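Read off the chains here:
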Amino acid sequence: MAGVILEVTDLYKSFGGVAATDHVSLDVREGEVHAIIGPNGAGKTTLISQLSGSLRPDGGRVVFRGTDITRMPPHKRALGGLARSFQITSIVHEMTIRDNVALSVQAHAGHSYRFWGNARKAKKLTEPAMEALAQVGLAEKAGELARNVSHGEHRQLEIAMALAANPTLLLLDEPMAGMGPEESVRMVEILSGLKGSKSMLLIEHDMDAVFSLADRITVLVYGKVIATGTPDEIRANDDVRKAYLGDEDG
Amino acid sequence: MDWTLLTTQVINGLQFGVLLFLLAAGLTLIFGIMDFVNLAHGSLYMVGAYFCATLTYWTGSFILAVLLAIPATAAVGFVVEIVVVRQLYRRDHLDHVLATFGLILVFNSVTQLIWGPDGFIVPLPKWLQGRIPLFDGIELPTYRVAIILVGLAIAAGLYLVVTHTRLGMRIRAGASNRDMIGALGVDINLLFTLVFAIGAALAGIAGMMIAPINAASIGMGDGQVIVAFVVIVIGGIGSIRGAFVAAILVGLIDTMGRSYLDSLFKLVMSSQNAETSAPAVANMLIYIIMVAILAIRPQGLFPPKGR
Amino acid sequence: MNLVSLSAPRFWVYLALLVLFALVPPITQWIDNSYYLDIANRLVVLAIAAVSLNLILGYGGMISFGHAAYIGIGAYAVGIPAHYDIDNGFLQFAIAIGASAAFALVSGMICLRTRGVNFIMITMAVSMMVFYGFVSIEEYGGDDGLTIYYRSNFGSLIDLSDDVTLYYLCLASLVVAVFIVYRIINSRFGMVIQGAKGNEARMQSLGFNTYRYKLACYVISASMCGFAGALMGNDTGFISPEMMDWTRSGELIFMVVFGGTGSLGGPVLGAGAFLLLEPVLEGLLNAIKEGAEVYWHIPFGIILICAVLFLRGGLDGLLDWRRKR
């Protein structure tokens, strides 16, 4: 079995007395796609935020590649090989698509206390950026201002930015949020292309996508893990059926 | 212990605090609900003072003048909101700063055009002049006590409106979460205009009340508005309770600081050093306090819930 | 706005302005009126300060309401040594830049831990403390200020006692300042700064310690402003705490925003507008009615308000009207 690269133990976070993350434990193995599903309000984004570092947990541990990152600031986690995409698109709207992705490359290309050379002409930055854009199918829009492209293209940009960091683990928060059917299909293609080469922790609502991509699924309800297992195991699990998939066929 | 000096300074501090509150209350609502940086708030303070001065001369009664000047100032605020401010809600804070800076210039200049460059002294009715004897030969200036009482009454009134009326509920909701009140079907435009006009009226009242002491003069509010911003940042943006506590605090500390700091310093350093550094530190006192409070509690003392 | 490449007609407008500025000394000599040289010199020095503020404000999104403090520090860096009869220009300017950088480092470490309106208020509070600090130092004139009798001495390198020479030094400094900002903005460092302005959380998520980069940017900007302050001290010959009052910081913000934030030439246009609109409007008002020029703030304020309402991108944005965007 492949090694474990992310280990979450007993993670706890509450807001004003309500536990958004209620003693969550899970792990991600190298090369796997581990999906997290759950009804709205289950605390999925809160969980991812604690993994990426934008939120501090109240208790518990997060260990990434053997290092305890529980209290590490977000930028250090990113430099350690963790990349995140956001559910609500979080990009720099005033810059071009290419600039956005190049920033992701730049973060991993040493320090940025370089004041003289033109960053937009630096091949070391633009070439990997264009590669990542090509991987998600956004290469032709590279020169467009980020604010001018469609929502679906924003979601693709989010993935490209995460990929450009050449990460060990991708944390993807609802990459298909707000996408239409064709765009979703294309996104699933992109993600399955990455399967095996990149480890992924994927939050998604789109059940078709989840069941076709995931190696393992964890079900989160009201901040608690109610089941973890292979797609088949989850489909057959009664608790999951009741709490989430309803009594119809999952 | 010089009780006369102490009582005088406490009264002065409370009076300053109460007037700061009137300025800050409007400012914190306007910033908290509309997210609008209104540098021109000091101009409304000035307008209130000038309206009151002129009306006092016309009607012969200070009280009547105040009662008439309040709606007049609110009306000016109303017009300003509709013509200028309303167009800027969606814009950057920087645009607010620039536009309201332009408003300050226009207000100051137009005031000068109408009233001339010299200030206006506002005469007080006999019964507000004079002093109230306390004990031990200590007397309190009647008018300053009146200001404090009126200010407290307005604070109480505002508190009642904000906590016990529909309008107040909408204001509180707006201060916590601006986007929601629109979604809840409240007429945003009307609410915003109302809040701005109320803020203008409050600022005007502050100006009117200080006018008999300091005279109505051009630009009288421009320095005060900065202190008001310090107050609302300390108190928590959007919170009237915060504005009240912070205003009284700032008023007292600033006034007492200026009187007592050099004595305090003389306890720990040489007389000469105390005399050079005390005035400088007294000036900086409210800023130092603001920085200290923001360091410990960046959202201010009483931020509205949800911020 | 990423309009960093100088493409026509913007480029030609700025080039023409540069030529005009370069010609001010011979023109003033020809008409024998030094007033225009004075104004031009003030304009150029204020423009350098505005350019420095634009770096953190326009490009970096850090709204500092205390930048005038660095003009003051730079000016006193010339004034205080001069008070002790030390007029070595190299020393004075080194102190101007060094003291500004050091002060910016310390105050930046405090201020940059806050954001939004707190940042604005703390930067203002810090500059007011510097202001009151200098007011209280009687030795250097306190409230009344300090007059200096000799300009900075650079030996045989350049003689600043000649007004025209000083002017060209200021003008050259402005060009260099704009060029430095141009390089910085387009560099990797500039990308981080602009990215942090657009979406700081995202930048941290990508792997940038944005606090450090913003601090570095703040220090650079302050040093440039301190340099401008040293030039101003030389130009006016009179240094007072009033140079660092919060209203001065407000004026700098005005220049940057009115000129067009996040544009290379905007701050220069803003400084020009700030200094030149007054005599222009006064002249116009006087022509309409004798004595009316006292109320020049009325059209000035209205122009300001209209600029905010209708001119997105400030004065520099006007230069885009000729081309279709």
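If you're wondering where the values come from, they're calculated on a predicted model, not measured in any experiment.

Caption draft 1: How the structure looks around the overall build of chain A. Across its full length, chain A carries nine helices and ten strands. Relative to the compact-globule value of 18 Å for 250 residues, chain A shows a C-alpha radius of gyration of 18 Å, a close match. Its C-alpha atoms give chain A principal-axis dimensions of roughly 60 × 40 × 40 Å. Of all 250 residues assigned to chain A, the portion counted as buried reaches 45%.

Caption draft 2: Summary view of the overall build of chain B. Each helix and strand counted, chain B has eleven helices and two strands in total. Secondary structure elements in chain B, listed N-terminal to C-terminal, are α-α-α-α-β-β-α-α-α-α-α-α-α. Scaling as 2.2 N^0.38, a compact globule of 307 residues should have a C-alpha radius of gyration of about 19 Å, and chain B matches this with 20 Å. If you line up chain B on its principal axes, its C-alpha atoms span 60 × 50 × 35 Å. Counting across all 307 residues of chain B, residues that qualify as buried make up 48%. Considering only contacts within chain B whose residues lie at least 6 apart along the sequence, 77% involve residues at least 24 apart.

Caption draft 3: Here's a closer look at the confidence of the model for chain A. Mean pLDDT over chain A stands at 90; residues scoring 70 or higher make up 96%. Highest mean pLDDT in chain A belongs to helix α3 (residues 97-107) of chain A (95); lowest belongs to helix α9 (residues 238-245) of chain A (77).

Caption draft 4: Region of the structure containing the sheet that holds strand β9 (residues 216-221) of chain A. Residues and elements named next belong to chain A. The sheet built from six strands is open, its strands ordered β6-β7-β8-β3-β9-β10 with mixed pairing. Sheet topology places β6 (82-85) and β10 (224-229) at the edges, where each strand pairs with a single neighbour. Taking each pair of neighbouring strands and ignoring which way they run, the sheet shows an average axis angle of 15°. Pairing analysis gives five bridges linking strand β7 (residues 169-173) to strand β8 (residues 199-203), with the strands arranged parallel.

Caption draft 5: View of the interface of chain C and chain B. Contacts between chain C and chain B engage 31 residues on the former and 34 residues on the latter. Those elements that provide at least two residues to the side of chain C that touches chain B are α5 (116-136), α10 (246-259) and α12 (297-310) of chain C. Broken down by element, the side of chain C that touches chain B gets its largest block of residues, eleven residues, from α5 of chain C. Looking at side-chain class alone, the side of chain C that touches chain B contains 22 nonpolar, eight polar and one charged residues.

Caption draft 6: A look at the interface of chain A and chain C. With 28 residues of chain A in contact, the opposing surface of chain C contributes 24 residues. Residues belonging to the side of chain A that touches chain C are distributed by class as follows: 13 nonpolar, eleven polar and four charged.

Caption draft 7: The arrangement of the sheet that holds strand β1 (residues 4-15) of chain A in detail. Spatially, four strands are ordered β2-β1-β4-β5 (chain A) in an open sheet, and the strand pairing comes out antiparallel. Single-partner strands in this sheet number two, and they are β2 (18-29) and β5 (67-68) of chain A.

Caption draft 8: The pairing of β9 of chain A, seen in detail. Residues and elements named next belong to chain A. Taking burial as the measure, the six residues of β9 include five buried ones, the bulk of the element. Taken together, the five bridges between β9 and β10 define a ladder with antiparallel strand orientation. Directly across from Val221, in β10, lies its bridge partner Lys224. Taking the residues that link successive antiparallel strands as the turn, the β9-β10 hairpin has two residues, and the phi of Tyr222 there is positive, at about 50°.

Caption draft 9: Structural detail: the environment of Ser249 of chain C. All names here are of chain C. Tracing the sequence through the fold places Ser249 in helix α10. In the structure, Ser249 is positioned 220 residues away from Gln29 in sequence and 33 Å away in space, judged by C-alpha atoms. When near neighbours in sequence (up to four residues on either side) are disregarded, Ser249 contacts Phe65, Gly66, His67, Ala68, Met124 and Ser127.

Caption draft 10: Local environment of the pairing of strand β3 (residues 33-37) of chain A. All names here are of chain A. Of all five residues making up β3, five are buried, and the element is well covered by its neighbours. Here β3 shows a buried face lined by Val33, Ala35 and Ile37 and a second buried face lined by His34 and Ile36. Taken together, the four bridges between β3 and β8 define a ladder with parallel strand orientation. Note that in β8 the partner of Val33 across the bridge is Met200. Pairing analysis gives four bridges linking β3 to β9, with the strands arranged parallel. Bridge pairing links Ile37 to Val219 in β9.

Quick notes on the rules
Residue positions are given per chain, counting from 1 as you read along its sequence in written order. Written order determines the labels here, with chains lettered from A and ligands numbered from 1. Totals for whole chains, interfaces and linings use all residues, but because this is a predicted model, local features are given only for residues with pLDDT of at least 70 and pairs of side-chain atoms are given and counted only at 80 or more. Working definition: helices are DSSP H or I runs of at least four residues, strands are E runs of at least two. Numbering for both runs from the N terminus. Within these notes, the globule rule equals 2.2 Å times the number of residues to the 0.38 power, and the radius of gyration is based on C-alpha atoms. Residues with at least 20 other C-beta atoms within 10 Å of their own are called buried, those with 12 or fewer are called exposed, and the rest are partly exposed. The C-beta atoms themselves are positioned from the backbone. Residues are treated as contacting if the C-beta atoms built from their backbones sit within 7 Å of each other. Per residue, pLDDT measures the predictor's confidence, with a range of 0 to 100. Any two strands with at least two DSSP-identified bridges between them are counted as paired. All axes are obtained by fitting lines to C-alpha atoms, using only the stretch in contact for helices, and the reported angles, taken between N-to-C directions, cover 0 to 180 degrees. Note on residue categories: nonpolar means Ala, Val, Leu, Ile, Met, Phe, Trp, Tyr, Cys or Pro, charged means Asp, Glu, Lys or Arg, and polar means any other residue, Gly included.

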